[in-house]
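Below, each chain spelled out in residue letters.
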Amino acid sequence: MNPETQGRIRVGITHGDVNGISYEVIIKTLQDQRIFETCTVIVYGSSKVASYHRKIIDANDFNFNLIRKPDQAHPRRPNIINLTEEEVKLDTGKSTAIAGELALQALEMGVNDLKSNHIDVLVTAPINKKNIQSETFRFAGHTEYLAGKFNAPDHLMLMVTRAFRIGVVTGHLPLSKVSQAITEELLVSKIRIMNQSLVRDFGIVRPRIAVLALNPHAGDEGLIGDEDQRIVAPAISKAFMQNILVFGPYPADGFFGAAAFREFDGILALYHDQGMVPFKLLSFEEGVNFTAGLPYVRTSPAHGTAYDIAGKNAASPEAFRNALYMACDIFANRKEYDELHANPLKPAQPPAESSNA
């Protein structure tokens, strides 16, 4: 190992869909030399594909350092590990089978290196959830794939921005199946995961969590569905009794309309669009997707492949840059938290009563 890399956070980046904006936002992010002051960056991808996208955005002075394995990485240059030596047919802005294959290869290599401690954190560029499907990838997205790979059934998709953090209980699930999926046990589990992540990953000592209601107006006392009274409220009460500062259920429209989200450290939405719509409205270009509950740190920009602007030098790197920095921050927070709690002091024992009269 290069002695200069010791103590630096090793960031692995999977290149995602090569026909989208992944390489554009990766290169634009890594053009900022300040990134290499604190971390070593390794991209799992293709140097030839990178060169193609580099020319599109006129980044002629940018070059990757080609390596074969992470321990060869240069600490102050962007490094890349080639998935293939062959020419790759690119169809910018289109979904293709080869793009899906390359996205999966990068993801599998990055995950294996993460599990083997060759890298410290993983930042995943956007994939196309359809063309990546294969015999080894039959998942609705990154979150479900990583939870399976890391054997972490208790996980939470957490969308993060400077304004707020919002988790989604049921994730990538059809709306028709949401109501039957919401159980008291599931809600309590997600509340616990969010609370622990806010404490350990984000350094918040006593986080306040809001839970959104499933039905309009929180069911209007059972007039518009009884799930909020029968399932959601009892789950909140149960978690509160476990010393978690959790409140709700709050009707989503009023909660965001009145900017009540600013009063909480974390928000738990019950289904995908309930959380994603306000999140993307308020922070689409800067938001980060973080998978809480995993044994490793994984982040991703909140946006997708953006085929509509691919190859036009129009993509903002802000969300990807935030994802990279957030992965490093969370890794450092976890390390500090674990060190502080490695040998907790035992409670003082009361003095024994004297036997003297």
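For the structure, check the block above.
Treat the numbers as computed from the prediction; the structure is a model and nothing was measured. (Residues numbered from 1 in each chain as written. Predicted model: local features only at pLDDT ≥ 70, side-chain atom pairs only at ≥ 80, totals over all residues. Heavy atoms only, no water.)

Student: Provide a residue-level description of the environment of Ser179, including the pertinent values.
Tutor: Relative to the elements of secondary structure, Ser179 occurs in helix 5 (residues 178-181). Sequence separation between Ser179 and Tyr271 is 92 residues; the distance between their C-alpha atoms is 9.1 Å. If near-sequence neighbours (up to four positions away) are discounted, Ser179 is found in contact with Leu214 and Glu227. Within polar-contact distance, the side chain of Ser179 engages the side chain of Glu227 at 2.9 Å. (Helix = DSSP H or I, 4+ residues; strand = E, 2+ residues; numbered from the N terminus. Contact = heavy atoms within 4.5 Å. Polar contact = N/O pair within 3.5 Å; in protein donor to acceptor, adjacent residues only side chain to side chain.)

Student: Quick one: what's the story with the packing of helix 6 (residues 184-200) against helix 10 (residues 318-340), residue by residue and with numbers?
Tutor: Between helix 6 and helix 10, the shortest axis-to-axis distance is 9 Å and the interhelical angle comes to 90 degrees. The pairing of helix 6 with helix 10 is recorded here as roughly perpendicular in orientation. Here Gln196, Val199 and Arg200 of helix 6 lie close against helix 10, whose contacting residues are Asn333, Arg334, Tyr337 and Asp338. For the contact of helix 6 with helix 10, a count of residues per class yields two nonpolar, two polar and three charged. (Axes fitted to C-alpha atoms, helices over the stretch in contact; angles between N-to-C directions. Parallel < 35°, antiparallel > 145°, perpendicular 65-115°, else oblique. Nonpolar A, V, L, I, M, F, W, Y, C, P; charged D, E, K, R; others polar.)

Student: How would you explain the pattern of salt bridges if you had to name every residue and give the values?
Tutor: All told, the structure shown has nine salt bridges when counted by the stated rule. Where Arg10 meets Asp120, a salt bridge forms, and the shortest distance between an N and an O atom there is 2.8 Å. Of the two residues, Arg10 sits in strand 1 (residues 9-14) while Asp120 sits in the loop between helix 3 (97-115) and strand 5 (121-124), which places them 110 residues apart along the sequence. One exposure class covers both Arg10 and Asp120, and it is buried. Note that Glu87 is salt-bridged to Lys48, the shortest N-O span being 3.4 Å. One end of the pair, Glu87, is in the loop between strand 4 (79-82) and helix 3; the other, Lys48, is in helix 2 (residues 47-56), and 39 residues separate them in sequence. We classify Glu87 as exposed; its relative accessible area is 66%. (Salt bridge = Lys/Arg side-chain N within 4 Å of Asp/Glu carboxyl O. Buried < 20%, exposed > 50% of the residue type's maximum accessible area, 1.4 Å probe, protein only.)

Student: Requested: an account of the packing of helix 3 against helix 4 (residues 142-149), with residues and values cited.
Tutor: Two elements in contact, helix 3 and helix 4, have axes separated by 12 Å at closest approach and are oriented at 40 degrees. Classified by the interaxial angle, the pair formed by helix 3 and helix 4 is oblique. For the pair helix 3 and helix 4, the sense of crossing is right-handed. Contacts from Leu107, Glu108, Val111 and Lys115 in helix 3 reach His142, Tyr145, Leu146 and Lys149 in helix 4. For the contact of helix 3 with helix 4, a count of residues per class yields four nonpolar, one polar and three charged. (Left-handed = near helix turned anticlockwise from the far one by under 90°.)

Student: Let's hear about unusual backbone geometry: which residues, and what values?
Tutor: Backbone phi values are negative for most residues with the exception of glycine, while trans is the configuration of most peptide bonds. Cis peptide bonds are those with omega within 30 degrees of zero, and the linkage from Gly248 to Pro249 qualifies with 0 degrees. Note that Pro249 resides in strand 9 (residues 245-250). Positive phi outside glycine occurs at His217, with the angle close to 60 degrees. Structurally, His217 is set in the loop between strand 8 (208-212) and helix 7 (227-240). By relative accessible area, His217 is classed as partly exposed at 45%.

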